[in-house]
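Architecture at a glance
Now for the letters of each chain:
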Amino acid sequence: MTDTTALVGLLRKRLPDLDLEVAEFRGEVTVMVPAGRAFEALSALREVPMWLPALTDLTAVDRHPAEPRFEVVYLLTGYEPPVRLRVKARLQGETPVIGSVTTLWPGANWLEREVYDLFGIRFVGHPDLARILMPDDWEGHPLRKDYSLTEEPVQFAGHTPKVPGRIIPKSPPRR
Amino acid sequence: MPEPRAETLTINMGPQHPATHGVLRLVLELEGEVIVGARPIIGYLHTGFEKEMENRTYHQNIVFPARIEYLATFSEEMAYVLAVEKLLGITPPPRAQVARIILAELSRIASHLVFLGSSAIDVNVTSGFMYCLQDREEVLDIFETVSGQRMMHGYYRIGGLHCDLPDGFEARVRRLTEGLAARIDEYDALLTDNLIWRKRLEGVAVLTPQTALAYGCTGPVLRGSGVNYDVRKAFPYSGYEQFEFDVPLGSNGDAFDRYLVRMEEMRQSRRIILQALDRLPGGPVCLDDRKIALPPRSELVRGMEAVIHHFKLVSEGMHPPVGEVYAAVESPRGEKGYYLVSDGSNRPSRVRVRAATFNNLQALPAMVFKGSVADVVVAIASIDVVLGDVDR
C-alpha cells in the first residue's frame, strides 16, 4: 500500500456500504466517515497489510454553532512506506458519543481521555474515561467554543482586564 | 507469629520530586520491591495553550510554541510556522530554510545535553550534569546572538525569519561544533563504558517495538526499540531531504539503547549543521509578500504603503484559506506536530499540539512493570520527559 488513493480504494472495497467523503487540502487526504461506523473503518485501516498505521494523533474540533458541531479526528501514520491518512467523524449535539479505539491502539487511552476532558465527547468502551489535564472536579469542557476565555479577578487596583480575544477582534474571512 | 499477608503497597511519587523532571506524579503499586502497577498522573502544568492560541492571530501565536516545550525551542517554533506556511501554501526563501535547520539541530544538541546531564544526575554521576549544562550554555549563547533570547526566541516568522543571522554566526557555530565533537567523545568515554552507568541502564525500562508502536511512541524512545521512523526522513520538511545523515537505531529497547541513540543523534546533528553551513545560501530571509510577512523597518520609514501593510498585519492579521493542515517536525523528543484548522478568519479555529512526550509517557507503566523503584527514575529520565509538552 503506497499512497492515500490506494488506501481509500481499499477502504471502499472492504466496506462497500460505507458513506465516505474524501477531501484533499495541501496534499493531505481526509476521509469523513459516519460516526457510528468509525470504529469499523479504523479497524479495517489498521489491518491494511504493508501499511499497519500507528495512531499518531486523536483529537477533536468544535464547529460551534454549526451542527453537527464536533469532529473527532484520527491521524494515522504508516511508517514503511510513510503515508498519512486523516479520518474524521462528525458528532451531533450536546452529548456526543463515539466508540473508543483503545482496543485497536492502546495509545488512544490518554488521547481519548484528553478529548473527553477538553471537549466532553464520551468514548464508549474506554477502560477509564476520567479527566486527565483538568482537575477532577472541574466543571465544563474548556476547548468547547461556548466555553469563553475570561480573566481571573485580581485584588489590586489599576488593573485593566485583558482577554486576548478582545485585543485583536476576530475578523470574518475574506472573499 | 502472624501469617504473612499477600497485599500490595501503594506509594506516591511526585509531583514535586527531583527525579520526575518537572511535575509528574506517579502512583506506584509495589509487591515488596517489585512494581506491579504504575499510574502516571499528569496535568499539573496544564496551561491551556491550545485555547489561548485559538484566541489570538497567527502572528501572535508565534510566542507560544517555545513556551510549550522549553528545551527544544527552535524545533518547536519551526513546527508551528511550518504548519501555518503549509496552510497558506507558501515556502520560505532558501536561506531561511537552511538557517532553520541549523538552529533546529543546535536545539537538538542542547536538548540532548540536558537529557544526558539530568540522566547522569539521576544515577549519581553529578559531575556529568555540570559538564553538559556548560556545553548547553555555549549553544544558548549562540541562540542569544541570533535572536536576543536564550530560550523563548520568537525568531521565526511565517514566511521566514525575523532578521538575518548575525555577523560571525557561521564562524561561531563552526567553533562550537569543533569543540563539541571532542566533548561528545569525552562523555562517551566517561559514561558508555562506565560500570555503574551500564548496570543502571542496561536491561532497564525495556520497551518492545510492538508496545512502542501500540502506544504511538516516537523519537528516540521508538528508535531505541529498533523501529526506523524519523520525520526528517519519512516526511522531509524544510529541505532535510538534501542532507546526508543516518538515523541511529537501538536493538534492545532499554534505557541504555535510548541513551546510545541520543548520543549518536548529537553526532548526526553536528554532521547536518556542518553540511548546512557549507551550503548556507545568500539572499533574503523572509518572503516579501506584504499580506503575510511584516515589512522591514527600512521600508517602514520610507513608504506609506509599508505602514499600511504593517498596521493591517499587526492590528488584524492575515486570513488564510479555509482548510486544515498537519505539519510535523522531528523534535528531540519525537514527532512534534501542529494541526491547524482555519475557518478563513484571522485566528485559527483550532490549534492542536501533537506532543511527542504525551504519547511516550504513556508507555511508562509498560516500561517499569516488574522493575524496582530505583529503575523508575531511570525510565523517566530515558523518556526525556518535558512536562510542559505533556500538559500543554
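Structure shown above.
Now for a description of the structure that goes with this document.

Rules behind the numbers
- Residues numbered from 1 in each chain as written.
- Chains lettered and ligands numbered in written order.
- Predicted model: local features only at pLDDT ≥ 70, side-chain atom pairs only at ≥ 80, totals over all residues.
- Pairing = 2+ DSSP bridges.
- Helix = DSSP H or I, 4+ residues; strand = E, 2+ residues; numbered from the N terminus.
- Axes fitted to C-alpha atoms, helices over the stretch in contact; angles between N-to-C directions.
- Contact = placed C-beta atoms within 7 Å.
- Parallel < 35°, antiparallel > 145°, perpendicular 65-115°, else oblique.
- Left-handed = near helix turned anticlockwise from the far one by under 90°.
- Nonpolar A, V, L, I, M, F, W, Y, C, P; charged D, E, K, R; others polar.

To continue, consider the sheet that holds strand S3 (residues 54-62) of chain A. Residue and element names in this part refer to chain A. Reading across from one edge, S1-S2-S5-S4-S3 is the order of the five strands in this open sheet, with mixed pairing throughout. Every interior strand has two partners, whereas the edge strands, strand S1 (21-25) and S3, have only one. Along the sheet, successive strands turn relative to each other by an average axial angle of 25°, direction set aside. As paired elements, strand S2 (residues 28-33) and strand S5 (residues 83-91) share four bridges and run parallel to each other. Along S5, the bridge assignment pairs Met 32 with Lys 88. In the packing of helix H1 (residues 4-14) onto the sheet, the strands contacted are S1, S2 and S5, and the crossing angle to S5 comes to about 45°.

This part takes up the packing of H1 of chain A against helix H2 (residues 38-46) of chain A. All names here are of chain A. It is at 10 Å that the axes of H1 and H2 come closest, and there the two elements cross at 120°. Taken as axis vectors, H1 and H2 run oblique relative to one another. Crossing angle aside, the handedness with which H1 passes H2 is right-handed. In this structure, H1 uses Leu 7, Leu 11 and Arg 14 to contact H2, whose residues at the interface are Ala 41, Ala 44 and Leu 45. The class makeup of the residues in the contact of H1 with H2 is five nonpolar, no polar and one charged.

Moving on: the interface of chain B and chain A. Contacts between chain B and chain A engage 45 residues on the former and 31 residues on the latter. Listing elements by their share of the side of chain B that touches chain A, those giving two or more residues are helix H1 (49-54), helix H8 (209-214), strand S6 (323-331), strand S7 (334-342), strand S8 (348-354) and helix H14 (356-362) of chain B. Tallied by class, residues from the side of chain B that touches chain A come to 14 nonpolar, 17 polar and 14 charged.

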